[in-house]
Amino acid sequence: MATAAIFSSLKRRRSPCLEAFLAPVDLSDVALIQTLASISGELVSCYTSKSLFFQRKNSRSLVRKIEVIVVLLEFLRDGRSDLPSTAVLCLKELYLLLYRSKILLDYCAESSKLWLLLQSHSISGHFHDLNLEICTLLDVFPLKNLELSEDVREQLELLQKQSTRAQFYVDKHDEELRVQLFAFLNEFENGQIPNPVELRVFFVHNLGISNAKSFRAEIDFLEEQIMNHEGDIEPPASILQGFVALTRFCRFLLCGFEEDDIGMRCGNRKKQRRGLITQEIADTFITVPKDFCCPISLDLMQDPVIISTGQTYDRRSISRWMEEGHSNCPKTGQVLAHNRLVPNRALRNLIMQWCTAHGVSHDPPEMIDTSADAFPAASPSKAALEANKATAKLLVEQLASGPQGARTIAAKEIRLLAKTGKENRAFIAEAGAIPHLRELLSSPSPIAQEISVTAMLNLSIYDKNKSRIMDEKGCLQSIVDVLRIGRTTEARENAAATLFSLSAVHDYKKRIADEGSAVEALAGLLREGTPRGKKDAVTALFNLSTHTENCLKMIEAGAVNALVGALGNEVVAEEAAGALALIVRQPIGAEAVGKEESAISGLIGMMRCGTPRGKENAVAALLELCRSGGSAATERVLKAPALAGLLQSLLYTGTKRARRKAASLARVFQKCENAPLHFGGLGMGYAFAGNSAANRDSGFGNDVSVQMSIPVSVL
């Protein structure tokens, strides 16, 4: 248990849990000594010849002390006499101390250089604490009651004296580097760009961070600390974001645009790998541990995340759950305090270990999600903003005039930079990125096309950038072309999401619908896309349907047929019903929907089994169909089986909006001559739930309820 807990804590770079320090109380005296000798010997063997980049003096001092402890343990292991109970208790305390030493040394060996520099004082304090604990342990250890050889006793007494005299130590050179790092950040804070020569000396010569891969590792590590912080991180998250921005700027300033092997694989490849786990398990009949399976999909988790209730789900499944409008935990039913998803790296590491042990292929996501939902809400400092602004300028310059490979790398970094913060999105657009990204949309490279459309999506989230994209000649058509014939599934999906983002501006809805084949392509994606693609397509179609002049285009392009077909898909049914409810407000739209054989039955099905918001949209669509579709449409709705019971149920148990719509629909049927034959039992329910709302249901434009958010790419 201790080893697994320590392994997980090291990967997370956070304090280990209590289980990591549980002494082996069930071991005999001999087994305990053998265990301690093995642990300490391994520690000495590993770090005697290893020179850490930082904390060299503190680490060497600790290892030398453990070497003396090894001498004691080997002597006790070879001895024959029984140990006094006090000595056994001290040895169990030594077990804890050795593991804390291992954790600290591993932490210093595996952490990023910038992080160790920033934590220099704190880590030095941990080394000093361990030294004090060694001193205390030697004070209480019953050395006089043990028959030790003279040389062993002398070494222990010398160690005790050295531990007593030892003082808190911070390396002078490390402290100078730490001060210099803050000085660079302060220059950005004052609106100045640090001297490139000084930056090169600091990062390349002093820290050995000399290529794109090492810079990327530093950035990822710092971002992980920000994501994992629980309010007690030092320096604060806003300052750490400044160091991330500084490091990103230096990565391109000092290393140019060489590839760092991160995130340059096209989406279809990743998609193919996702299916390997399920197939491998099916082929070998391996039983997956229950804790490794997502409670929603019941499949082995690829990217486990923790929600606000403390439950863990696979990111893909819980994201879809939230997108469907649910605000509660699927497992406990508790209301979610927020929608932030925190990566469960401990569990992911255990899953990877299990997969390795059982020969199961497992490829976790290449990139950690640092989107707005997952990233802690810390306002960036001025230094971070200035550094990002300088980085955006470098990226756009390369995007404009660099070779094809460098342009793709620049687009990828623009995509990543635009994932968080309206300021970053503004800097990138102001630097002139949009025209050059438009050119990459038609690139023959699947990777370049996917990256550029995803960057365009992230930029479009900032309202001022919407007009820049729409005003760029040929940009809208290029996005539509990617939607139609994009080279990867993810590119087509992100093109649909970009259209949804742009259509948030009412004046652009007609322009998008009129752009060649845009609506046809969205309808096609809704019919045949992946679950995520269907979601992107239906939300875009919903937005377009809110413009009254788009109704005819929606009909001619086959969007009505696609929306009716989507009523049977629980992932997109809610939005599809909302779009249909808007389309049928016009007679031409009502006629088109009425001609779809499964339209009414699909809406009835949603009233029976849909979400509360879906039921609202379904009953609203039926109401508008009766109002705009004439007597023939009303008669078809009237004859729908089980409608009376469903209306009565909504009148009593539906949301306020659903009750209002149900009451209005009941009133429509009361005016029909055959209504008493079919709806004789609705009178009391109508009177109870409908009278107060009867006069308020004169308009419909604001009554369609669909929860939507613009997706920030995690690609």
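Owing to the predicted nature of the structure, the values given are computational and were not obtained by experimental measurement. (Residues numbered from 1 in each chain as written. Predicted model: local features only at pLDDT ≥ 70, side-chain atom pairs only at ≥ 80, totals over all residues. Heavy atoms only, no water.)

Visitor: Help me understand the overall build of the protein in this model?
Guide: The helix and strand inventory of the protein stands at 35 helices and 3 strands. Taking the contacts inside the protein whose residues are at least 6 apart along the sequence as the reference set, 74% of them involve residues at least 24 apart. (Helix = DSSP H or I, 4+ residues; strand = E, 2+ residues; numbered from the N terminus. Contact = heavy atoms within 4.5 Å.)

Visitor: When you look at the packing of helix α3 (residues 56–78) against helix α7 (residues 150–165) in this model, what are you seeing that I'm missing?
Guide: When two helices pack together, their arrangement is given by the angle between the helix axes and by the axis-to-axis distance. It is at 10 Å that the axes of α3 and α7 come closest, and there the two elements cross at 150 degrees. Here α3 lies roughly antiparallel to α7, going by the angle between them. Between α3 and α7 lies a crossing of left-handed hand. Side by side, α3 and α7 meet where Lys65, Val68, Ile69, Val71, Leu72 and Phe75 of the first sit next to Val152, Gln155, Leu156, Leu159 and Ser163 of the second. Residue composition of the contact of α3 with α7, grouped by class: 8 nonpolar, 2 polar and 1 charged. (Axes fitted to C-alpha atoms, helices over the stretch in contact; angles between N-to-C directions. Parallel < 35°, antiparallel > 145°, perpendicular 65-115°, else oblique. Left-handed = near helix turned anticlockwise from the far one by under 90°. Nonpolar A, V, L, I, M, F, W, Y, C, P; charged D, E, K, R; others polar.)

Visitor: In this structure, what is going on with unusual backbone geometry? I would like to understand it.
Guide: Negative phi characterises most residues that are not glycine, and trans characterises most peptide bonds. Non-glycine residue Gln55 carries a positive phi angle of around 60 degrees. You can see Gln55 is positioned in the loop between α2 (29–48) and α3. Although it is not a glycine, Ser517 sits at a positive phi angle of roughly 65 degrees. Relative to the helices and strands, Ser517 is located in the loop between α23 (506–514) and α24 (518–528).

Visitor: Please clarify how α23 should be interpreted in this entry.
Guide: One turn of the α-helix equals 3.6 residues, which is why residues spaced by three or four share an orientation. Buried residues of α23: Tyr508, Lys509, Ile512 and Ala513, and no others. The buried residues of α23 occupy an angular sector of 135 degrees when projected down its axis, which confines them to one face. On its buried face, α23 is in contact with α20 (463–471), α21 (475–485), α22 (489–502), α24, α25 (531–545) and α26 (551–556). (Buried < 20%, exposed > 50% of the residue type's maximum accessible area, 1.4 Å probe, protein only. Arc of directions from axis to C-beta.)

Visitor: It is not clear to me how the packing of aromatic side chains should be interpreted in this structure. Could you clarify?
Guide: For any pair of aromatic rings, the description rests on two quantities: the centre-to-centre distance and the angle between the ring planes. Under the criterion given, the structure shown has 9 aromatic pairs. Plain terms: the ring middles of Phe53 and Phe54 are 5.0 Å apart, the flat faces sit at 75 degrees to each other, and that makes the pair edge-to-face. Note on Phe184 and Phe202: the rings are 5.3 Å apart at their centroids and 85 degrees apart in plane angle, and the pair reads as edge-to-face. Here the residue Phe184 occupies a position in helix α8 (residues 172–189), and Phe202 occupies one in helix α9 (residues 196–206), the gap between them amounting to 18 residues. The same class applies to Phe184 and to Phe202, which are both buried. A network of ring pairs unites the aromatic residues Phe184, Phe202, Phe203 and Phe215 as a single cluster. Between Arg56 and the ring centre of Phe53, over which it is positioned, the NZ or CZ distance is 5.9 Å. Sitting above the plane of the Phe53 ring, Lys113 keeps its charged end 4.3 Å from the centroid. (Phe/Tyr/Trp six-rings, centres within 6.5 Å; stacked < 30°, edge-to-face > 60°. Lys NZ or Arg CZ within 6 Å of the ring centre and 35° of its normal.)

Visitor: Would you mind showing me how to read a positive patch on the surface here?
Guide: Residues Arg56, Lys57, Arg60 and Arg64 make up a contiguous surface patch of positive charge. Counting through the fold element by element, Arg56 comes out in helix α3. (Patch = residues over 30% accessible without salt bridge, like charges linked within 9 Å, V, L, I, M, F, W, Y side chains within 5 Å. Areas by Shrake-Rupley, 256 points an atom, 1.4 Å probe, with all protein chains shown as cover. Salt bridge = Lys/Arg side-chain N within 4 Å of Asp/Glu carboxyl O. Lys, Arg positive; Asp, Glu negative; His and termini not counted. Charge placed at Lys NZ, Arg CZ, Asp CG, Glu CD.)

Visitor: Could you clarify how one ought to interpret the packing of helix α11 (residues 237–255) against helix α16 (residues 404–417) in this entry?
Guide: Running from amino to carboxyl end, α11 crosses α16 at an angle of 175 degrees, the nearest separation of the two axes being 13 Å. Classified by the angle their axes make, α11 and α16 are roughly antiparallel. Contact residues: Arg248, Arg251 and Phe252 in α11; Ile409, Glu413 and Leu417 in α16. Its residues placed into classes, the contact of α11 with α16 shows 3 nonpolar, no polar and 3 charged.

Visitor: What's the story with the confidence of the model for the protein in this structure? I'm lost.
Guide: Residues shown with low pLDDT carry predicted positions that ought not to be read at fine detail. Across the protein, pLDDT averages 81, with 82% of residues at or above 70. Element-level pLDDT for the protein is lowest in helix α12 (residues 267–284), with a mean of 36, against a maximum mean of 95 in α9. pLDDT under 50 marks residues 265–285. Its contacts with residues more than four places away, or in other chains, come to 37 contacts. (pLDDT = per-residue confidence, 0-100.)

Visitor: Just checking my understanding: could you explain helix α33 (residues 656–670) for this structure?
Guide: With 15 residues, α33 extends 21 Å from end C-alpha to end C-alpha; this agrees with the ideal 21 Å at 1.5 Å per step. In terms of residue burial, α33 counts as a mostly covered element, since 11 of its 15 residues are buried. All buried positions along α33 are accounted for by Ala658, Arg660, Lys661, Ala662, Ala663, Ser664, Leu665, Ala666, Arg667, Val668 and Phe669. (Expected span 1.5 Å × (residues − 1).)

Visitor: Before we go on, may I ask you to explain the nonpolar core in this structure?
Guide: A general trend in soluble globular proteins is that nonpolar side chains are found buried together. In terms of nonpolar packing, the biggest core is built from 109 residues, with Leu563 and Met607 touching the most fellow members. For Met607, the contacting residues outside a window of four places in its chain are Lys615, Ala618, Val619, Leu622, Leu643, Leu646, Leu647 and Leu650. Counting 81 residues, the second-largest nonpolar core is a separate cluster that includes Leu118, Ile209, Phe221 and Leu254. (Core = buried A, V, L, I, M, F, W, Y, C linked by side-chain atoms within 4.5 Å.)

Visitor: Please explain the environment of Cys626 as it appears in this structure.
Guide: Note on placement: Cys626 falls in helix α31 (residues 612–638). Every residue in contact with Cys626, bar those within four places of it in the chain, is listed here: Thr634, Val637, Leu665, Val668 and Phe669.

Visitor: Is there a simple way to think about the environment of Phe53 in this case?
Guide: Assignment of secondary structure puts Phe53 in the loop between α2 and α3. As a C-alpha pair, Phe53 and Gly208 span 155 residues in sequence and 9.6 Å in three-dimensional space.

Visitor: Explain the sheet that holds strand β3 (residues 342–343) here, please?
Guide: What holds strands together in a sheet is hydrogen bonding between their backbones, with the strands either parallel or antiparallel. Taken together, 3 strands build an open sheet; the order of strands is β2-β1-β3 and the sheet is antiparallel. Of all strands in the sheet, those bounded by a partner on one side alone are β2 (312–314) and β3. Pairing of strand β1 (residues 304–306) with β3 involves 2 bridges; the strand directions are antiparallel. Directly across from Ile306, in β3, lies its bridge partner Val342. Packed onto the sheet, helix α13 (residues 315–323) meets β1, β2 and β3 and runs at close to 95 degrees relative to β2. (Pairing = 2+ DSSP bridges.)

Visitor: Mind showing me how you'd approach the pattern of salt bridges here?
Guide: Between side chains of opposite charge, a pair can form as their charged atoms come close. In the structure shown here, the tally under the stated rule is 23 salt bridges. Arg438 is paired through a salt bridge with Glu472; the nearest N and O atoms lie 3.7 Å apart. Placement of Arg438 in helix α18 (residues 433–440) and of Glu472 in the loop between α20 and α21 is noted, with a sequence separation of 34 residues between them. Using a relative accessible area of 22% as the deciding quantity, one classes Arg438 as partly exposed. A salt bridge links Arg657 to Glu616, with the nearest nitrogen and oxygen atoms 3.1 Å apart. Taken together, the residues span a long stretch of sequence, with Arg657 in helix α33 and Glu616 in helix α31 at a distance of 41 residues. On the accessibility criterion, Arg657 (26% relative accessible area) is partly exposed. Looking at Glu616, the relative accessible area reads 7%, which means it is buried. What you see here is one network of salt bridges that share partners, running through Arg216, Asp220, Lys412 and Glu413.

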